[in-house]
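Tertiary structure, described
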Amino acid sequence: MTYRYRIASIFLLGFFIDCINIFMSAIALPAIADDMQISIVSVTWVSNSYILGLTLIIPLSHWLSQRFGIKALMVTSMLMFSLSVALVGYSHSFNELIFWRFIQGVSGGLLIPIGQALTFQYFQGHERSKISTLIMAIALIAPAISPTLGGFIVDVVTWRWVFYSNIPFSLLTAFLAFIWVKEPLPKENAIPDIKGIILISLIIVSGLFALSAYGEYHSTLLALVIAVLSIIFAVLYYYHYRYHSSPVINLALLKNRNLSLSIFIYYCIPGVFTGVNILAIFYLQQYLKFTGQGTGIFMLLYALGAFISMTISGALYNKLGMKRLFIIALLLHSIGISLLTFVNSNTDIPLLIIAYLIIGVGGGIGANTAQTTALYDFSAQKLVQASVIWNINRQVVFSVGATMVAMLFNILSLFCLPQTAYSMTFLICALIGILPLTLLFTLKKKIITQEAQDEF
């Protein structure tokens, strides 16, 4: 195996661990909620705290790699991850669990952006689409394996072993990084934008708390106050960005249409699906009385549909163009989610099968196309900056999706019977999922012009 494929393997294994932590922990949320006597909105913080840890450390990862070296960073990251995930499983209170999930996110977030930027450095031009396809293949394998395995673990043992099972993978990644990575220590060591990192973290945390406050306590005033704080932090960051020579997030890169469009679509496909999937897990387990393993099996169907679509979309990316692929993805993904509104009993298995397959096909096309498109125009230093933006976005969409859908369900539950609230939430999510279509059709002429230029 050549050196560049060793680097790619380490990154992909770390990415696999990240995906497992999102999807395997999701299947355990009903068991955690029952064990610790907390609501659907509150239990989403099992995922949110992990993702916030990732988000906080991602902007610092580049500076830390310059300060201590890429090899030391990767090895330390996975060793810290192994320890923290063990403590997550050992937690005996909800606050303790949330704290260690946050530390787990911090340790995991050290590897992913550096691994991706380093991998893309060794795979240039058209080769990046191949690596992007591998990245999304991992993003399919993890959802395919982890929910079913996680459901089996929850049913047979306890939810704690869902977290313990991550340890062998993180230790393996640490070992491979130790023996394979040979990157030299950079001579330059730029000072990180600490103020910018703090402001970005405050924007994300306050935004999520605003959604949670409205969904959990139904307090419009509290939600508005926290939302206003989030806006204030955003304005402060904008002024900070304008006068800082090296801001943590280079907002100028968002002027790139491919990056900004991919971010928007990522909110409407993987983001929306994360919330829908968590809600469906609660619906199937608590309302329709499916087992944890039985619920997890449906993610196999999602992964199967996504695998088929990714194989096709990867080959068709240069032929059809990102616009057509995005339109197909958005329509299929929303149609699949809308079918969940017609699931009323545990005998509606054929409908669930069709729904998850269609969601998987649409999700696979959309996520793969967004992953390829987002960083397509960047290289060198801008690639590192764009990678930071993309990885922060990739993590934040999961938190926003989970919190928003839980909030929506809780609000509807005040006025509707549980089954009606579930159905209406799925339907609203399906409508949210097609919002980017308006932007795609608005930009139709510009996109066609650029695609025509790319062919020449």
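About the thresholds
Residue numbering note: each chain is counted from 1, following its sequence as written. This being a predicted model, a pLDDT of at least 70 is required before a residue's local features are given, and a value of 80 or more before pairs of side-chain atoms are given or counted; all residues contribute to the totals for chains, interfaces and linings. Excluded from the side-chain calculation are hydrogens and water; included are all heavy atoms of the structure. Put simply, DSSP marks the helices as runs of H or I at least four residues long and the strands as runs of E at least two long, and each gets a number from the N terminus on. Each radius of gyration reported is based on C-alpha atoms, and the globular scaling rule is 2.2 Å times the count of residues to the power 0.38. With a 1.4 Å probe rolled over the protein chains alone, any residue whose accessible area is under 20% of its type maximum counts as buried; one over 50% counts as exposed, and the rest are partly exposed. Here a residue-residue contact requires only that any non-hydrogen atoms of the pair lie within 4.5 Å. Detection works on a 1 Å grid of protein atoms alone, calling trapped sets that fit a 1.4 Å probe cavities and calling open sets with protein on both sides within 12 Å along at least five of seven lines pockets, with lining residues defined by an atom within 4 Å of a point. Grid points are joined across faces, edges and corners, and a volume is the space filled by probe spheres set on the points. Under the grouping applied here, Gly and all other residues not named as nonpolar or charged are polar, the nonpolar ones being Ala, Val, Leu, Ile, Met, Phe, Trp, Tyr, Cys and Pro and the charged ones Asp, Glu, Lys and Arg. For the purposes of these results, a polar contact is taken to be a pair of N or O atoms within 3.5 Å, where, inside protein, one atom must be able to donate a hydrogen and its partner to accept one; residues adjacent in sequence count only when each atom of the pair is a side-chain atom. Here, nonpolar core refers to any group of buried Ala, Val, Leu, Ile, Met, Phe, Trp, Tyr and Cys residues whose side-chain atoms link them within 4.5 Å. Stacked, tilted and edge-to-face are the three classes assigned to paired rings of Phe, Tyr and Trp, where Trp is represented by its six-membered ring and a pair needs centres within 6.5 Å; plane angles under 30 degrees give stacked, over 60 edge-to-face, the rest tilted. When the NZ atom of lysine or the CZ atom of arginine is within 6 Å of a ring's centre and also within 35 degrees of its normal, the charge is said to sit over that ring. The term salt bridge refers to a side-chain nitrogen of Lys or Arg lying within 4 Å of a carboxyl oxygen of Asp or Glu. Every helix has an expected span of 1.5 Å times one less than the residues it contains. The term bend refers to the angle at a residue between two fitted axes, each drawn through seven residues, those ending there and those starting there. Disulfides are defined as pairs of cysteine sulfur atoms found within 2.5 Å of each other. The convention used is that axes are lines fitted to C-alpha atoms, helices contributing only their stretch in contact, and that angles between N-to-C directions extend from 0 to 180 degrees. Working rule for angles: under 35 degrees goes down as roughly parallel, over 145 as roughly antiparallel, 65 to 115 as roughly perpendicular, anything else as oblique. In this scheme the crossing of two helices becomes right-handed for a clockwise turn of the near helix relative to the far one and left-handed for an anticlockwise turn of less than a right angle. Surface patches are drawn from residues lacking salt bridges whose relative accessible area is over 30%; two like charges belong together within 9 Å, two nonpolar side chains (Val, Leu, Ile, Met, Phe, Trp, Tyr) within 5 Å. Computed by Shrake-Rupley with a 1.4 Å probe, the accessible areas treat only the displayed protein chains as cover when residues are assessed.

Broken down by element type, the chain carries 19 helices and zero strands. Computed over the C-alpha atoms, the radius of gyration of the chain is 21 Å, within 12% of the 23 Å expected from 2.2 N^0.38 for a compact globule of 456 residues. Oriented by its inertia axes, the alpha-carbon framework of the chain measures out at about 60 × 55 × 50 Å. Out of the 456 residues belonging to the chain, those deemed buried represent 58%. Within the chain, residue pairs in contact and separated by at least 24 positions form 84% of the contacts whose partners lie at least 6 positions apart.

Here we take up empty space enclosed by the protein. Inspection of every chain in the model, using the stated rule, returns eight cavities of 30 Å³ or more. Lining the second largest cavity we find Ile22, Phe23, Ala26, Ser47, Thr274, Asn277, Ile278, Phe398 and Ala402. Counting residues per element, the ones that place at least two in the lining of the second largest cavity are helix 1 (3-27), helix 13 (257-287) and helix 16 (380-413). Counted by class, the lining of the second largest cavity contains six nonpolar, three polar and no charged residues.

This paragraph deals with the environment of serine 338. Residue placement: serine 338 occurs in helix 14 (residues 292-339). As a C-alpha pair, serine 338 and glutamine 104 span 234 residues in sequence and 34 Å in three-dimensional space. Among the polar contacts listed, one links the side chain of serine 338 to the backbone oxygen of isoleucine 335, at a separation of 2.6 Å.

All right, on to the nonpolar core then. The biggest cluster of nonpolar side chains holds 143 residues, and the ones touching the most others in it are Ile32, Val46, Tyr356 and Phe426. Once residues within four sequence positions are removed from consideration, valine 46 is found in contact with Leu29, Ile32, Phe94, Leu97, Ile98, Arg101 and Phe163.

In the structure shown here, the tally under the stated rule is 19 aromatic pairs. Considering the side-chain rings of phenylalanine 298 and tyrosine 356, the 5.6 Å spacing of their centres and the 25° angle between planes classify their relative orientation as stacked. Separated by 58 residues along the polypeptide, phenylalanine 298 in helix 14 and tyrosine 356 in helix 15 (residues 349-374) bring together distant segments of the chain. For the pair shown, phenylalanine 298 and tyrosine 356 are each scored as buried. Ring-pair connections join several aromatic residues into one group, and the members of that group are Tyr283, Tyr287, Phe409, Tyr422 and Phe426. Here lysine 71 stacks its cationic end above the ring of phenylalanine 178, 4.8 Å away from the centre of that ring.

Tallying each qualifying case throughout the model produces one salt bridge. In this structure, arginine 160 and aspartate 35 form a salt bridge, with 4.0 Å as the shortest nitrogen-oxygen distance. Residue arginine 160 is found in helix 9 (residues 160-164), and its partner aspartate 35 is found in helix 2 (residues 29-36); the two are separated by 125 residues along the sequence. Using a relative accessible area of 17% as the deciding quantity, one classes arginine 160 as buried. Look at aspartate 35 and you get partly exposed, because its relative accessible area is 44%.

Looking now at helix 13. Between its first and last C-alpha atoms helix 13 spans 43 Å; for 31 residues at 1.5 Å apiece the expected length is 45 Å, and the two agree. Along helix 13, the largest kink reaches about 35° and is centred on tyrosine 266; proline proline 270 follows within four residues of it. Burial analysis of helix 13 places 25 of its 31 residues in the buried class, which makes it a mostly covered element. A distance of 3.1 Å separates the backbone nitrogen of asparagine 258 from a side-chain oxygen at the start of helix 13, and that oxygen is part of asparagine 256. Once helix 13 ends, the next one or two residues include lysine 289, with phi positive near 65°.

Disulfide: a covalent bond formed between the sulfur atoms of two cysteine residues. Within this structure, the stated rule accounts for zero disulfides. Counting only cysteine sulfurs, cysteine 429 is the nearest neighbor of cysteine 416, a cysteine outside any disulfide, at a range of 14 Å. The class for cysteine 416 is partly exposed, based on a relative accessible area of 23%.

Here we come to the layout of surface pockets. Empty space within the largest pocket amounts to approximately 510 Å³. Surrounding the largest pocket, 18 residues form its lining, Ile203, Ile204, Tyr267, Ile392 and Val396 being those nearest its centre. When residues in the lining of the largest pocket are grouped by element, the largest group, six residues, is from helix 11 (residues 194-217). Looking at side-chain class alone, the lining of the largest pocket contains 16 nonpolar, two polar and no charged residues.

With respect to the helices and strands, the residue leucine 176 is situated in helix 10 (residues 167-180). We classify leucine 176 as buried; its relative accessible area is 15%. Each C-alpha atom of the pair leucine 176 and aspartate 193 lies 31 Å from the other, and the pair is 17 residues apart in sequence. Discounting chain neighbours no more than four positions away, the residues touching leucine 176 are Ile10, Leu13 and Val181.

Bringing the packing of helix 5 (residues 70-90) against helix 10 into the picture now. Across the interface, helix 5 lies against helix 10 with an axial gap of 8 Å and an inter-helix angle of 165°. The angle between the axes of helix 5 and helix 10 places the two elements in the roughly antiparallel class. Two packed elements cross with a definite hand, and for helix 5 against helix 10 that hand is left-handed. Where helix 5 approaches helix 10, its residues Lys71, Met74, Val75, Met78, Leu79, Phe81, Ser82, Val85 and Ala86 are matched on the opposing element by Ile167, Ser170, Leu171, Thr173, Ala174, Ala177 and Phe178.

Another point: the side chain of asparagine 393. In this structure, asparagine 393 sits in helix 16. The exposure class of asparagine 393 is buried, given its relative accessible area of 5%. For asparagine 393, the residues in contact, after removing those within four places along its chain, are Ile263, Tyr266 and Tyr267.

Together, Ile141, Ile145, Leu149, Phe152, Val156, Val157 and Trp161 make up a nonpolar patch on the protein surface, roughly 640 Å² of accessible area in all. When residues of the nonpolar patch are assigned to their parent elements, the largest contribution, five residues, is made by helix 8 (residues 127-156). Relative to the helices and strands, valine 157 resides in the loop between helix 8 and helix 9.

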